[in-house]
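Chain and residue survey
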Amino acid sequence: MSLLYSVMPEMVAEPLAWGEYKEAEEVYFFVCRFHEFSDGVPRVTAFPKLVAEFHRRSKPPGPAQSKTGKFGFDMITYGGRNPQDFPLCDTWEESFTRGLGKLFDLEAETHKGEEGGDDMQRLRKGIMDKVIPRLLRPLETEGRTLTPTLVHGDLWDGNASVDGTTGQSMFFDATPLWAHNESQLADELAPWWLLRHEMTDAYIEEYKRHYDPAEPSEDFESRGALYALAIATMEDLLSKFPLGYEGYASEKGLAAGADAARVNAKAFEANANISGGLVQGSDVTTAAGPDSEKTDRIHGEEWHGAKKADAAKVQL
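To keep things clear, this report deals only with the structure shown in the data block. This is a predicted model, so every value here is computed, not measured. (Residues numbered from 1 in each chain as written. Predicted model: local features only at pLDDT ≥ 70, side-chain atom pairs only at ≥ 80, totals over all residues. Heavy atoms only, no water.)

1. Thoughts on the side chain of Thr97
In this fold, Thr97 is placed in helix H3 (residues 92–110). Within the structure, the side chain of Thr97 is placed 2.7 Å from the backbone oxygen of Glu93, a separation counted as a polar contact. (Helix = DSSP H or I, 4+ residues; strand = E, 2+ residues; numbered from the N terminus. Polar contact = N/O pair within 3.5 Å; in protein donor to acceptor, adjacent residues only side chain to side chain.)

And the structure:
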């Protein structure tokens, strides 16, 4: 939270103290300045503009741009008990691929031996081999570049509110990451695509008024579907992009092999080294077992883009 506070202190409660308990092993504390929040989520007329400003300030020449110039994060963060491990990489595609692979591996261990594994293995392979290169590689090829942007990492309804005294929109409980601002498992805009949240596609449209979608902009909604990680959207994306980046390169008249070699040889290695993991159910649990705290990183639910794209619905 100190990193986020250094970027936009008006939106983050000031961190005051943190550390490890002396008499309890691996127990930690964090103390920040107290704010009394109002009920409900921040207003659509204010919050997306502030999030866009937060993203803008974390890029050069902002006060806290990535010191390494790499995507990812230099330590494992946690959303509840769930580790978020996105290694530092030169490209967003590689960092995202490696981080998502670790999540899938965790799920494979959690759901080992359960039915339905073949279908989920098919989804995983298609997302890794076809969809990720197709949607993320064009962000950093054909003369385009991405600058690592600090993202909150878990920006859903429960982690944002309004100060009851000042009326200032604020967020908290971050799992920060240097990423693509539209992303991701880091859940920056991703929860806003999902129908169950109060911060909905209206927030996305307002955000776009203050921060233009990355090019190619025609992929904006498909990238949102990828970052939202809903099972239904995985099926839809595989149907939409069966040829992956190779199909895109052929359509654009590009040398796909040269592009891939220049941008993401390491991402291909990451794909090859990620073991065949499975994801099951509408919620995701950690490898600690079925009684561990759940998260909804893989969503068995409908997303806002499905109304426009007629994404397939999956009965779980």
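Having put the structure on the table, let's press on.
2. Here we look at a nonpolar patch on the surface
Together, Leu16, Tyr21, Val27, Phe29 and Val31 make up an exposed nonpolar region whose accessible area comes to about 410 Å². Structurally, Val27 can be placed in the loop between strand E1 (15–20) and strand E2 (28–32). (Patch = residues over 30% accessible without salt bridge, like charges linked within 9 Å, V, L, I, M, F, W, Y side chains within 5 Å. Areas by Shrake-Rupley, 256 points an atom, 1.4 Å probe, with all protein chains shown as cover. Salt bridge = Lys/Arg side-chain N within 4 Å of Asp/Glu carboxyl O.)

3. Notes on unusual backbone geometry
At the junction of Glu215 and Pro216, the peptide bond is cis and its omega measures out at 0 degrees in the coordinates. Summarising the element assignment, Pro216 is placed in the loop between helix H5 (201–210) and helix H6 (220–228). Phi is positive for Glu26, close to 55 degrees, though the residue is something other than glycine. Topologically, Glu26 is positioned in the loop between E1 and E2. Of the residues examined, Glu26 reaches a relative accessible area of 60% and is grouped as exposed. The backbone phi angle of Asp173 is positive, close to 50 degrees, even though this residue is not glycine. Residue position: Asp173 is located in the loop between strand E7 (169–171) and strand E8 (177–179). For Asp173, a relative accessible area of 53% corresponds to the exposed category. (Buried < 20%, exposed > 50% of the residue type's maximum accessible area, 1.4 Å probe, protein only.)

4. Some words on the environment of Phe37
Among the structural elements, Phe37 can be located in the loop between E2 and helix H2 (47–57). Along the chain, Phe37 and Thr166 lie 129 residues apart, while their C-alpha atoms are 9.7 Å from each other. Discounting chain neighbours no more than four positions away, the residues touching Phe37 are Ser161, Val162, Asp163, Gly164, Met170 and Phe172. (Contact = heavy atoms within 4.5 Å.)

5. Comments concerning the nonpolar core
Among the nonpolar cores identified, the biggest contains 51 residues, and Phe47, Trp92, Leu100, Phe171 and Leu226 are the most heavily contacted of them. Ranked by residues supplied to this core, first place goes to helix H4 (residues 117–136) with 8 residues. (Core = buried A, V, L, I, M, F, W, Y, C linked by side-chain atoms within 4.5 Å.)

6. Regarding H2
Where H2 is concerned, the buried positions are Phe47, Pro48, Val51, Ala52, Phe54 and His55. Taken end-on, H2 shows its buried residues confined to a sector of 155 degrees, consistent with a single buried face. Lining the buried residues of H2 we find helix H1 (2–7), strand E5 (149–151), strand E6 (160–162), E7 and H5. (Arc of directions from axis to C-beta.)

7. A few points about the packing of aromatic side chains
A complete count under the given rule lists 9 aromatic pairs for this structure. Feature note: the residues Phe71, Trp92, Phe96 and Tyr227 constitute an aromatic cluster, connected by ring pairs. For Arg137, the ring lying beneath its charged end belongs to Tyr245, and the centroid distance is 4.9 Å. (Phe/Tyr/Trp six-rings, centres within 6.5 Å; stacked < 30°, edge-to-face > 60°. Lys NZ or Arg CZ within 6 Å of the ring centre and 35° of its normal.)

8. Section: the packing of H6 against helix H7 (residues 231–240)
At a closest axis distance of 9 Å, the pairing of H6 and H7 adopts a crossing angle of 135 degrees. Put simply, H6 runs oblique to H7. Our pair here, H6 against H7, has a crossing hand that is left-handed. Mapping the contact onto sequence places Ser222, Ala225 and Leu226 in H6 and Thr233, Leu237 and Lys240 in H7. Residue classes in the contact of H6 with H7 are distributed as 3 nonpolar, 2 polar and 1 charged. (Axes fitted to C-alpha atoms, helices over the stretch in contact; angles between N-to-C directions. Parallel < 35°, antiparallel > 145°, perpendicular 65-115°, else oblique. Left-handed = near helix turned anticlockwise from the far one by under 90°. Nonpolar A, V, L, I, M, F, W, Y, C, P; charged D, E, K, R; others polar.)

That is the geometry; function is a separate question.
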